[in-house]
Amino acid sequence: MANAMLHQTVGTLQLLSNSGIHCQVGNNSVRLLPRDLKVELGFSKRGSNSFGEKKFSVIQASASLTSVFDPVLSPSNKGPHESLKKSNEAALILIRHGESLWNEKNLFTGCVDVPLTKKGVEEAIEAGKRISNIPVDMIFTSALIRAQMTAMLAMTQHRRKKVPIIMHNENEQARLWSQIHSEDTIKQSIPVVAAWQLNERMYGELQGLNKQETADRFGKEKVHEWRRSYDIPPPNGESLEMCAQRAVAYFKDEIEPQLISGKNVMIAAHGNSLRSIIMYLDELTSQEVISLELSTGIPMLYIFKEGKFMRRGSPIAPTEAGVYAYTRRLAQYRQKLDETLN
Ligand SMILES: O=C(O)[C@H](O)COP(=O)(O)O
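A brief structural summary. (Residues numbered from 1 in each chain as written. Predicted model: local features only at pLDDT ≥ 70, side-chain atom pairs only at ≥ 80, totals over all residues. Heavy atoms only, no water.)

1. Here's the deal with the pattern of salt bridges
Moving on, step 1. All chains considered together, the criterion is met by 11 salt bridges.
Moving on, step 2. A salt bridge links E89 to K305; the nearest nitrogen and oxygen atoms lie 3.9 Å apart. One end of the pair, E89, is in strand β7 (residues 89-96); the other, K305, is in strand β12 (residues 299-305), and 216 residues separate them in sequence.
Moving on, step 3. Taking the relative accessible area as the measure of exposure, K305 reaches 31% and is therefore partly exposed.
Moving on, step 4. One network of salt bridges, with partners in common, ties together R159, R334 and D338. (Salt bridge = Lys/Arg side-chain N within 4 Å of Asp/Glu carboxyl O. Helix = DSSP H or I, 4+ residues; strand = E, 2+ residues; numbered from the N terminus. Buried < 20%, exposed > 50% of the residue type's maximum accessible area, 1.4 Å probe, protein only.)

2. So, the sheet that holds strand β9 (residues 163-166)
Moving on, step 1. Taken in spatial order, the seven strands make up an open sheet running β9-β10-β8-β11-β7-β12-β13, and their pairing is mixed. With partners counted over all chains shown, the strands left at the sheet margins are β9 and β13 (308-313), one partner each. Strand-to-strand twist of the sheet, defined as the mean angle between neighbouring strand axes without regard to direction, takes the value 25°.
Moving on, step 2. Examined bridge by bridge, β9 and strand β10 (residues 189-195) share four bridges and lie parallel to one another. In the sheet register, I165 faces β10, and the bridge partner there is P191.
Moving on, step 3. Its contacts with the sheet put helix α4 (residues 145-155) on β7, β8 (138-142), β9, β10 and β11 (265-269), and the angle it makes with β8 is roughly 150°.
Moving on, step 4. On top of the sheet, helix α10 (residues 271-281) reaches β7, β11, β12 and β13; it is set at about 145° to β7, its chief contact. (Pairing = 2+ DSSP bridges. Axes fitted to C-alpha atoms, helices over the stretch in contact; angles between N-to-C directions. Contact = heavy atoms within 4.5 Å.)

3. Section: the environment of E123
Moving on, step 1. When you line up the elements, E123 lands in helix α3 (residues 118-130).
Moving on, step 2. Classification of E123 by relative accessible area gives buried; the value is 15%.
Moving on, step 3. Sequence separation between E123 and Q332 is 209 residues; the distance between their C-alpha atoms is 27 Å.
Moving on, step 4. Each residue touching E123, except ones within four places of it in the same chain, is listed here: G98, E99, T296 and G297.

4. Some points on the site of the ligand
Moving on, step 1. In the vicinity of the ligand, the residues found are R96, L107, F108, T109, G110, E200, Y203, K211, R227, R228 and N272.
Moving on, step 2. One of the backbone N or O atoms of T109 is found 2.8 Å from an oxygen atom in the ligand.
Moving on, step 3. Taking K211, its side chain carries an N or O atom lying 3.1 Å from an oxygen atom of the ligand.
Moving on, step 4. With the chains in place, 96% of the 320 Å² that the ligand exposes on its own is no longer accessible.
Moving on, step 5. A breakdown of the residues in the shell around the ligand according to their chemical character gives three nonpolar, three polar and five charged. (Near = heavy atom within 4 Å. Polar contact = N/O pair within 3.5 Å; in protein donor to acceptor, adjacent residues only side chain to side chain. Areas by Shrake-Rupley, 256 points an atom, 1.4 Å probe, with all protein chains shown as cover. Nonpolar A, V, L, I, M, F, W, Y, C, P; charged D, E, K, R; others polar.)

5. Observations regarding the environment of A154
Moving on, step 1. Along the chain, A154 falls in helix α4.
Moving on, step 2. Here the alpha-carbon distance between A154 and A317, two residues 163 residues apart in the chain, equals 13 Å.
Moving on, step 3. When residues no more than four places from it in sequence are discounted, the contact partners of A154 are I95, A124 and G128.

6. A look at α4
Moving on, step 1. R146, A147, Q148, T150, A151, A154 and M155 are the residues of α4 that are buried.
Moving on, step 2. On its buried face, α4 sits against β7, α3, β8, β9, β10 and β11.

Here's what the structure looks like:
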C-alpha cells in the first residue's frame, strides 16, 4: 500500500465517530474509511482536550491516499457531476470486455493480448448504451487491448460527450509529451488509466490451448478445478487468489480513493480480475466466488456511499435503468442530461 504522509502544516484530519476520517489538504477533500484505514495517528494534546470533542494537533498520519492529489483529477475541477459529489455518492461501473477472437475460438487467453471480434465490438457498444446516462469521471482498464477497446467503444455511446484520454505516465517524457494545456479541454476529458494489475488471470501453460481439448486431455474435473477453484493455479499460472491479490490491492490503492473523493468510475477488465474485485465489493467467501460467472459486455453498477458498496444491478437499456439501478442522484443526473442535451 502506498502511503501519503500528512503533517499538521499541510492539512487537517477530522475524526468522524463511525464513518471514517475526513481529510482536507488544500482544496482536496477526502473521506478515509474505517475498513481500510491503516492509519497511525500521533496526537499532541492541547490543554485539557478529550477525544471526540476537543482539539488535537495531528502530528502524523499515514493512509492509502494515492492519486487523490493528482491535479488533473482533483475534485476542485468542478464538473457536471457536482451534485453527485456533494452527496458523497459515487457510481462504479464494472464491464467485462466484449467477446475476443480467442473467446470465439474457445481458447484460454489469460494475459495474451487479443482484440475483440465484431460481436465483441457490438457488445461493447451495447454496454455503452446501457450506461449512457450514468456519470463517468474516470476510467480504469487493464493493459490489454480487449478491455481498452471495450472501454473506448462503450464511451462512444455516452450522452455526455466527454473525450476519454489514455494517461501516459510510464516515464517523464511520455507524461510531458502527452500534457494538455487547456483547463477547458481537461474538463471535457475523462482520464483513462491502464493498469496491468487489472489484467486477466495469467493462465500459464494453458494460454492458447483449446478449452474443450484441454478438458478431453486432462479430464473435465481437473480443468474445472483450474478454471474455477479459488486457490489452485493452472500449471505455472495464477490462481484466482493470486489474481485477487494484485487486482484488489490495485482497487484499494488506486480506485477506491477516487470513489471516496466523489469520482464516478468505470472499470473495463476481465472475467477473473473482475470476479476478484466483486468478491471484495460483495464480501463473497472463497466458496461463493466459485459460482460467480460474468458475461462479456454486460455492465454492472455499484453505488459507493458512506464507505459501503451497494450493488444496483445492470442498467438494462439506454432508456431503462432497471427497477433498482438509479439512485435519486443518478436520476437527477439523467434528468439534467435530458434537459441540456435534448
Ligand atoms: O482468459 C480466458 O480464457 C477467459 O477470458 C477467462 O476464462 P475462464 O472463464 O476459463 O476463466
